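Fold and contact review
Residues per chain, in single letters:
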Amino acid sequence: MPSLPQTAGADPAAAAAAARPPRRKELSNLQFALVVTVPVLLFLLVVVAYPLGYALYLSFHEIRFFGGYSAEFVGLANYKAALADPKFWRSLGLSLRFTVETVVLTIGIGLALALVLRDLKPRWRWLRAMIILPWAVSPYGAGIFFAYFGRGQTGIGTALISAFGFDGTLNLITQAAVIEYLALGAAWNMAPLVAFFLLANMLTTPKRLYDLAKIDRMRSYETFWHVTLPPLRFTLFVFTCISTVLALKTFDYIFTETQGGPGNSSTVLTYLLYQISFVNLDLGYGAAMSFFLLALILGTTGLIYALWGRREERK
Amino acid sequence: MSRSRYPVWLILAVAVALLWTFLPMYWVVKYAFMTKSEIARFPPELYPHAPQLAAFYNIFGFDYTAADGTVFPASGQANQIMLGLRNSLLVSAIVTIVTMVVVLPLAYVFARMDFPFKGKMLAAVLLSVSLPPVSTLIPFYTLYVQLGLVGTLGGLVIITLTITIPIVAWLLIGFFKNLPPIEAMGRIDGFSRLYIFVRIIVPMAKSGILVAGVIGFLFSWNEYVYAQVLVTGSDAVTLPAAMSGFLFQVPEPAQLAASLFLSLLPPFFIAFFLQKHVAEMNFA
Amino acid sequence: MTGIKTTRRQAVAMLLGATALAAGGLPARAEDLAASSGETVYFRGWQFRTDVVQGNVDRYNSEMGGNVDYATVTGDYPSIMEKTLIAKGDLDVLYANPSSAVRYMGGGWVKPASELPNGQEIADAMYPNIREAWSVDGKLLGLSYFVTTRGAMLVNMKAVEKAGMTAADLPTTWDEFYDAVYKMHEAGIENPFLPHWFAEYFGVSWGFVFEVMNRGGQVADPETHAPVLTADGPAGDTLRAWKKLWKSGIIPEEVLSYNEAGYIDAFRSGRYAFSPQQLYDIKTFNDPAQSADIAGSVTLLSAEKQSWGLIDSALYVMTNRKRSAALESDVEKFVSWYGYKDQDGTFAVANRWLEENMLFSAYKPVMESDAARDSVSKSLMKPEDYDTVLDVYASAPYPKSIWNVVWSEEFNFWLRDKLFEFLQNDLAPEDVIDAANAEMERLNKRYNI
């Protein structure tokens, strides 16, 4: 991957060189690294390790609040119960379906937006600022937008068919396709950010590469494949990871958009966990199940890294 | 890229992109300017027929009298909306500053130095990105109760940092990796490592750092899951938690839309800023 | 007019088993209700007319020197409050539905209202059936916030007339009701019915419970909480009717993802002819400022042959967290002032709720006042509806069997999921009933009931 010199760097470097260099006792690489990273790691560990440890404790116990608080050690019973629970497997499936679709749509739409924005002339560059706006919307807000937008009662579908003179409703939040609709909304939310990073890559791809492509008489898809795409691959990899993690963790967006509905059609794993732990206070069982989710998130990102990230890093 | 006229496909594509971007937002934001009856109408109205600003007055605690004499009473949620606005700005600003102060050197070190245990330490930082809030919610809550942090801004800042630090670190590491190898030059000139970092690297990476800061800000500004549990009903309530009052029980779509619109303004200004720096933020 | 009013009111009083005696007790003196500790009393509620609540609290704070901190808790209210209670957080008085209150009591987090100095007087002022609904082991859990009927079958007469029907054709039982729905559909009304199938915790599951009870059934035994659902009884009839309705395709699927706001707005649009709604919402539906398209044409089905809906109520519940003696007494004073009578001896808060939002009260003197009649009548399509409203209100059943038990909310969520599964995955009614009975048995066993 070509590493491109950045002109912005020249000035401060020159200015700094002109200044008088202060001389002090130097730290080794490791010492410097430790000074910088250890406090942060400690902070994250303390703040994150306690909840994790506590969740681990919960997952081996049956917690009761009624008729007096009690925590009874049950070993692996909660984990076994989760694996035997059809609701768990169903929600797991919905989570995976939502995640795969969200990632594909986010990356695809992000790439499409970037290509559209790339060719704008200076006079129209402000459009780039417009297109990024959905990313500024909270997942929570996006859920509200897409709830009203998709419902047959209030949504765009019904508005359109009635504008063409048809009676009736066109509802986008259906048992069959609610996950797809949710994924579309999640992509709406996240794709602009992806687009911007890709755009930044594209704008620093040297023009001469395109000129060479012309000389070689490449077709436009060949140009795309051989010239446009290669410098984007690392960004694509990073955002595939980020949007995978975010999609698997998504809760508030679904909470405000469908409440896991219609019925149980969008009860993804996070939503199921929320019901078990938060609503039913079945803390032990919820904690055990949440470790499966954590394993899923780590496993998926690990897999993406092993299959793709390693190659990108070597370049 | 030197054609003088835009091809038709590009104009079409831009139009589609704009529709895709704005239609879902418009669909709800238009409610802010409509009456309850108009909002409920079926089939749905495409635009407000008599746009009015009642909802904006109401969410800030003022009654609004329409031209025909109808009074739209102030929302009882107004206190919380205003508190939420203040708290959200405060929390997001603090979180952003702390995140940047902490993450900049961290990302720099991971991106540009070699030292033992680097991979493991990086994995530890990134592990916290993977924790789903729904599974840590109850443990966090229990911890916070013991520490007296429920309903405090400080508590919310701490928990939000666990989200922003890893994400921002992830992005900045990629960005720093891509800078030219300037250190060697600086070292030859005898600058200290800190000096190189503060006076050379940071200015060089200005755009990328600002963009990463914006991203940190937005993650904090938009956080809802923890806020819903930790600060709802307290003086530390944030805007998303305060807003959700319009979502449940009694329908107030106009006020919901108005406060959503309000919550979009700060990020929108920031997005404009982000756009200016787009050419300089090559992270890969 | 006046004659009807009196007899009606008496009839209702008798239905509710009320005595004709007004509630006893002298008006409290101001100094008895004035705050003295200087400490903060934390009062939390869900988001409903927070402007009114804030006004009331402000009045207490200024007139009684109170230091009450009021805020709304948004989101998943009962769950969030439960966490606060478990944590013994800053919380003294809160709203709760009876089923939540029973659960909180089971958790040992509640100070019953019977322990107030004037607890007996307060209990005596309530209608006995409601007092009983709000009591566990003879202890009154809280003070009256509101009592209403959820699932009163509201009727949009515009749509009914469009289908060529008149008020005389309106159904009076659930079976007749479904017949009417199909008839209207054939007459060209695309969506005659918006059923109580929305996604909230008080949505589809409550819809099932009230239909079973309206048809004369029970979900469980009110005393032992042992399950009693039968496939050939009201529960089976309800599920079979639901299945037919769902399969007929006249119910928009999106109802299953609505929150309450979506549910109310859908009926407000005028698209539907019937919908079981909160009784007090008849006021918003008949208000031209809020519901221009149906205002003035919303009435309700008569309760002459059977009840509609169930008693939905809420209480002001005190927590039992550790407080100083002075603060304890402040909490008692505030809750008594707010949930019962103010320093002038009037039910100021309850009267205001009736006036502003048609929220009914558990207190006889509030409900049997002329002001109550005036305020309710203003919100109705026609004067005769006043009697129907009171009938529906008075005859609505209370599902004590599954609400006054500690597993109430757990079962409720289980039932919600199961009913969605029943509709979406086409389960057999018998299987759902068997599973529901088994689930109640499991819960009874788990909690040693």
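Conventions we followed
- Residues numbered from 1 in each chain as written.
- Chains lettered and ligands numbered in written order.
- Predicted model: local features only at pLDDT ≥ 70, side-chain atom pairs only at ≥ 80, totals over all residues.
- Helix = DSSP H or I, 4+ residues; strand = E, 2+ residues; numbered from the N terminus.
- Contact = placed C-beta atoms within 7 Å.
- Expected span 1.5 Å × (residues − 1).
- Buried ≥ 20, exposed ≤ 12 C-beta atoms within 10 Å, placed from the backbone.
- Nonpolar A, V, L, I, M, F, W, Y, C, P; charged D, E, K, R; others polar.
- pLDDT = per-residue confidence, 0-100.
- Domains from an automatic or database assignment.
- Axes fitted to C-alpha atoms, helices over the stretch in contact; angles between N-to-C directions.
- Parallel < 35°, antiparallel > 145°, perpendicular 65-115°, else oblique.
- Left-handed = near helix turned anticlockwise from the far one by under 90°.

Right, let's talk about the overall build of chain A for a bit. Along chain A, the regular secondary structure elements total 14 helices and 2 strands. Partitioning the intrachain contacts of chain A with sequence separation of at least 6 by distance along the chain shows that 71% fall at a separation of at least 24.

Residues and elements named next belong to chain C. Here helix α20 (residues 408-424) spans 24 Å end to end across 17 residues, near enough to the 24 Å set by a 1.5 Å rise per residue. Buried within α20 are the following residues: S408, E409, E410, F411, N412, L415, R416, K418, L419, F420, F422 and L423. Along its buried surface, α20 packs onto α4 (77-86), α5 (98-107), α10 (204-214), α11 (234-248), α19 (400-403) and α21 (429-446). Positioned one or two residues after α20, D426 has a phi angle of 60 degrees, which is positive.

Residue and element names in this part refer to chain B. Secondary-structure assignment places G213 in helix α10 (residues 206-221). For the pair formed by G213 and L85, sequence separation is 128 residues and the distance between their alpha carbons is 20 Å. Residue contacts for G213: discarding those within four places in its chain leaves T96 and M100.

Before going further, it helps to spend a moment on the interface of chain B and chain C. In this complex, chain B contributes 29 residues to the contact, which on the side of chain C involves 33 residues. Secondary structure elements with two or more residues in the side of chain B that touches chain C: α2 (36-40), α6 (133-147) and α11 (225-230) of chain B. If you tally residues by element for the side of chain B that touches chain C, the top one is α2 of chain B, at 4 residues. Here the residues of the side of chain B that touches chain C are counted per class, giving 14 nonpolar, 13 polar and 2 charged.

In this section: the interface of chain B and chain A. In this complex, chain B contributes 84 residues to the contact, which on the side of chain A involves 89 residues. The set of elements that each furnish at least two residues to the side of chain B that touches chain A consists of α1 (8-29), α4 (78-112), α5 (118-130), α6, α7 (153-177), α9 (193-204) and α13 (253-276) of chain B. For the side of chain B that touches chain A, the per-class residue count stands at 64 nonpolar, 15 polar and 5 charged.

To continue, consider the confidence of the model for chain B. Should pLDDT be low for a region, the predicted coordinates there are not to be read in detail. Residues and elements named next belong to chain B. Of the residues in chain B, 93% reach a pLDDT of 70 or more, and the chain-wide mean stands at 84. Taken element by element, chain B is modelled with least confidence in helix α8 (residues 182-188), mean pLDDT 68, and with most confidence in α1, mean pLDDT 92. Here the predicted complex carries an ipTM of 0.89, next to a pTM of 0.88.

Turning next to the domain arrangement of chain B. Residues and elements named next belong to chain B. We note that the domain assignment places domain 1 (8-72) and domain 2 (78-280) within chain B. Distance from the C-alpha centre of domain 1 to the C-alpha centre of domain 2: 31 Å. Within the residue set of the side of domain 1 that touches domain 2, elements represented by two or more residues are α1, α2 and α3 (54-59). No other element matches α3, which puts 5 residues into the side of domain 1 that touches domain 2. Residue composition of the side of domain 1 that touches domain 2, by class: 11 nonpolar, 2 polar and 1 charged.

Below, the discussion takes up the packing of helix α5 (residues 126-136) of chain A against α13 of chain B. Contact geometry of α5 of chain A with α13 of chain B gives a least axis separation of 8 Å together with a crossing angle of 135 degrees. With respect to α13 of chain B, the element α5 of chain A is oriented oblique. When you trace α5 of chain A past α13 of chain B, the crossing you get is right-handed. Along the contact surface, α5 of chain A presents R128, A129, I132, L133 and A136 of chain A, while α13 of chain B presents L264, P267, F268, I270, A271, F272, L274 and Q275 of chain B. Among the residues making up the contact of α5 of chain A with α13 of chain B, the classes are represented as 11 nonpolar, 1 polar and 1 charged.

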